[in-house]
Amino acid sequence: MDFLSSPEFWLALSQIILINIVLSGDNAVVIALACRSLPPQQQKKAILFGSVGAIVLRVILTFFAVFLLSQPYLKLIGAALLLWIGVGLLKGDDGEEEMEGHSNLAAAIKTIVVADLVMSLDNVIGVAAAAKGNVPLLVFGLVISIPLIIFGSTLILKLMNRFPIIITIGAGLLGWVAGEMTLTDPAIHDFVEKHHYLHNILPALGAVTVVVVGKWLARRASEPAAANQPAA
C-alpha cells in the first residue's frame, strides 16, 4: 500500500476522476432519452441495471486498453485519438445519435448499455492513459468514478452548461495526457531519453493544441449560424 503515499498516484487519480467527470455528461443524455417513456419505478430500474451493465463492459474495455497501450506505436495512435476527442469536446461533437424513448424496461436497459459502450471509447482511452499501466490506480479510479457516472451525470451536465470552463479544463487535460502518453511509447523511448526537455514540452503542447484548435473550430462552426440570424 506504499503507492498511496505517492504524490504521482494521487495526481494520476485526480486526472482519472476529472476525465470521467468531463466525459460522462453525454451518458446522462443517453440514459434520459432511453428511459423517458418508462413509468417512474421502471425508470429507476433501467438507470440502475443499465448503468451497472455499461460500467462492467467499460471496466473490461479499460483493462484491454491498458494491454494494448503497452505495445509499440499504439500509444502514439492513442495520443492522436485523445487529441481528437479533446478537440471534439470543445467543438461540440458529442457523438450522440438520435434515440427513441422505450416503453419496455429490457429495451431501455439494452439501449443504455449499447449506447454507453459506443460512446465510452473516449473514457476508456483517457482513463487507461492516465493510469499509465498502474493496475491498483486503474481499479481505484474506476471504483471512485462509478457513483459519479450513475448518480452524478445529470448534475455534471448542468454544471458544464453553467460553467463552460470545466469543459475547457477537461479538454486541455486530455491534451496533456496525450502528450504524456506520447512520451511513454516504446517505439520512441530511446529518442525521448536523449531529449529530456520533451517531458515538459509535449504535455503542455498537447493541452494548448487541443484548446486552441477546439476553440477555433467551435468559432468557425458558430459563424454560419450567426450569419443566418435575421437582422433585428
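Residues numbered from 1 in each chain as written. Predicted model: local features only at pLDDT ≥ 70, side-chain atom pairs only at ≥ 80, totals over all residues. Heavy atoms only, no water.

S.K.: Explain the overall build of the chain here, please?
M.R.: When its secondary structure is counted, the chain shows 11 helices and zero strands. Order of helices (α) and strands (β) in the chain, N terminus to C terminus: α-α-α-α-α-α-α-α-α-α-α. Looking at the chain as a whole, 40% of its 232 residues are labelled buried. Partitioning the contacts of the chain with sequence separation of at least 6, the portion at a separation of at least 24 is 85%. Carbon together with sulfur atoms contributes 68% to the accessible area of the chain, which is approximately 12800 Å² in total. (Helix = DSSP H or I, 4+ residues; strand = E, 2+ residues; numbered from the N terminus. Buried < 20%, exposed > 50% of the residue type's maximum accessible area, 1.4 Å probe, protein only. Contact = heavy atoms within 4.5 Å. Areas by Shrake-Rupley, 256 points an atom, 1.4 Å probe, with all protein chains shown as cover.)

S.K.: Please explain the packing of helix H4 (residues 74-91) against helix H9 (residues 165-183) as it appears in this structure.
M.R.: Axes are the key here: two packed helices are described by the angle between their axes and the distance separating the axes. Taken N-terminus to C-terminus, the directions of H4 and H9 make an angle of 170 degrees; their axes are 8 Å apart at the nearest point. Classified by the interaxial angle, the pair formed by H4 and H9 is roughly antiparallel. Contacts between H4 and H9 involve Lys-75, Leu-76, Gly-78, Ala-79, Leu-82, Leu-83, Ile-85, Gly-86, Leu-89 and Leu-90 on the former and, on the latter, Ile-167, Thr-168, Gly-170, Ala-171, Leu-174, Gly-175, Val-177, Ala-178, Met-181 and Thr-182. Here the contact of H4 with H9 is built from residues that sort into 13 nonpolar, six polar and one charged. (Axes fitted to C-alpha atoms, helices over the stretch in contact; angles between N-to-C directions. Parallel < 35°, antiparallel > 145°, perpendicular 65-115°, else oblique. Nonpolar A, V, L, I, M, F, W, Y, C, P; charged D, E, K, R; others polar.)

S.K.: Sorry, what's going on with the nonpolar core here?
M.R.: Burial of nonpolar side chains together is a common tendency in soluble globular proteins. Ile-16, Ile-19, Leu-82, Leu-137, Leu-138, Val-177 and Met-181 are the most contacted members of the largest nonpolar core, which totals 25 residues. Elements supplying a minimum of two residues to this core: helix H1 (7-23), helix H3 (40-68), H4, helix H6 (121-131), helix H7 (135-151) and H9. Looking at which element gives the most residues to this core, the answer is H6, with seven residues. In this structure, Ile-19 is in contact with Gly-126, Val-127, Ala-130, Leu-173, Leu-174 and Val-177, ignoring residues within four places of it in sequence. Ranked by size, the runner-up nonpolar core spans six residues in total, among them Leu-38, Ala-46, Ala-108 and Val-113. (Core = buried A, V, L, I, M, F, W, Y, C linked by side-chain atoms within 4.5 Å.)

S.K.: Is there a simple way to explain H4 in this structure?
M.R.: Note that an α-helix has 3.6 residues per turn; residues three or four places apart therefore point the same way. Between its first and last C-alpha atoms H4 spans 25 Å; for 18 residues at 1.5 Å apiece the expected length is 26 Å, and the two agree. Of the positions making up H4, those classed as buried are Lys-75, Gly-78, Ala-79, Leu-82, Ile-85, Gly-86, Val-87, Gly-88, Leu-89 and Leu-90. (Expected span 1.5 Å × (residues − 1).)

S.K.: What's the story with unusual backbone geometry in this structure? I'm lost.
M.R.: With the exception of glycine, most residues fall at negative phi, and the peptide bonds are largely trans. With phi around 75 degrees, Tyr-73 is a residue other than glycine that occupies positive phi space. Secondary-structure assignment places Tyr-73 in the loop between H3 and H4.

S.K.: Please clarify how the environment of Thr-62 should be interpreted in this entry.
M.R.: Considering the arrangement of structural elements, one finds Thr-62 in helix H3. On the basis of relative accessible area, Thr-62 is assigned to the buried category, the value being 0%. Along the chain, Thr-62 and Leu-142 lie 80 residues apart, while their C-alpha atoms are 9.3 Å from each other. Each residue touching Thr-62, except ones within four places of it in the same chain, is listed here: Val-124, Val-127, Ala-128, Leu-138 and Leu-142.

S.K.: Could you clarify how one ought to interpret H9 in this entry?
M.R.: Its 19 residues place the ends of H9 27 Å apart at the C-alpha level, agreeing with the 27 Å of an ideal helix rising 1.5 Å per residue. Counting buried positions along H9 gives 14 out of 19 residues, so the element sits mostly inside the fold.

S.K.: What's the story with the side chain of Asp-185 in this structure? I'm lost.
M.R.: For Asp-185, the position within the fold is in the loop between H9 and helix H10 (189-194). Of the side chains with opposite charge, Lys-75 comes closest to the buried, unpaired Asp-185, at an N-O distance of 7.0 Å. Engagement of the side chain of Asp-185 in a polar contact is seen with the backbone nitrogen of Leu-76, the distance being 3.1 Å. With residues near it in sequence (within four places) discarded, Asp-185 still touches Gln-71, Pro-72, Tyr-73, Leu-74, Lys-75 and Leu-76. (Lys, Arg positive; Asp, Glu negative; His and termini not counted. Salt bridge = Lys/Arg side-chain N within 4 Å of Asp/Glu carboxyl O. Polar contact = N/O pair within 3.5 Å; in protein donor to acceptor, adjacent residues only side chain to side chain.)

S.K.: Is there a simple way to explain the side chain of Glu-180 in this structure?
M.R.: When you line up the elements, Glu-180 lands in helix H9. In contact with Glu-180, not counting residues within four places along its chain, are Gln-15, Lys-132 and Pro-203.

S.K.: What's the story with the confidence of the model for the chain in this structure? I'm lost.
M.R.: If pLDDT is low for a region, its predicted coordinates should not be looked at in detail. On average, residues of the chain score 75 in pLDDT, and 70% of them are at 70 or above. The secondary-structure element of the chain with the lowest mean pLDDT is helix H2 (residues 25-35), recorded at 61, while H10 shows the highest, at 87. This model gives residues 94-100 a pLDDT under 50, and the stretch forms 14 contacts once residues within four places in sequence are excluded. (pLDDT = per-residue confidence, 0-100.)

S.K.: Explanation requested: the environment of Leu-105 in the structure shown.
M.R.: Among the structural elements, Leu-105 can be located in helix H5 (residues 105-119). By relative accessible area, which is 23% here, Leu-105 ends up partly exposed. In this structure, the C-alpha to C-alpha distance between Leu-105 and Pro-39, residues 66 residues apart in sequence, is 9.3 Å. Not counting the four nearest positions on each side in its chain, Leu-105 is found in contact with Leu-38, Gln-42, Lys-45 and Ala-46.

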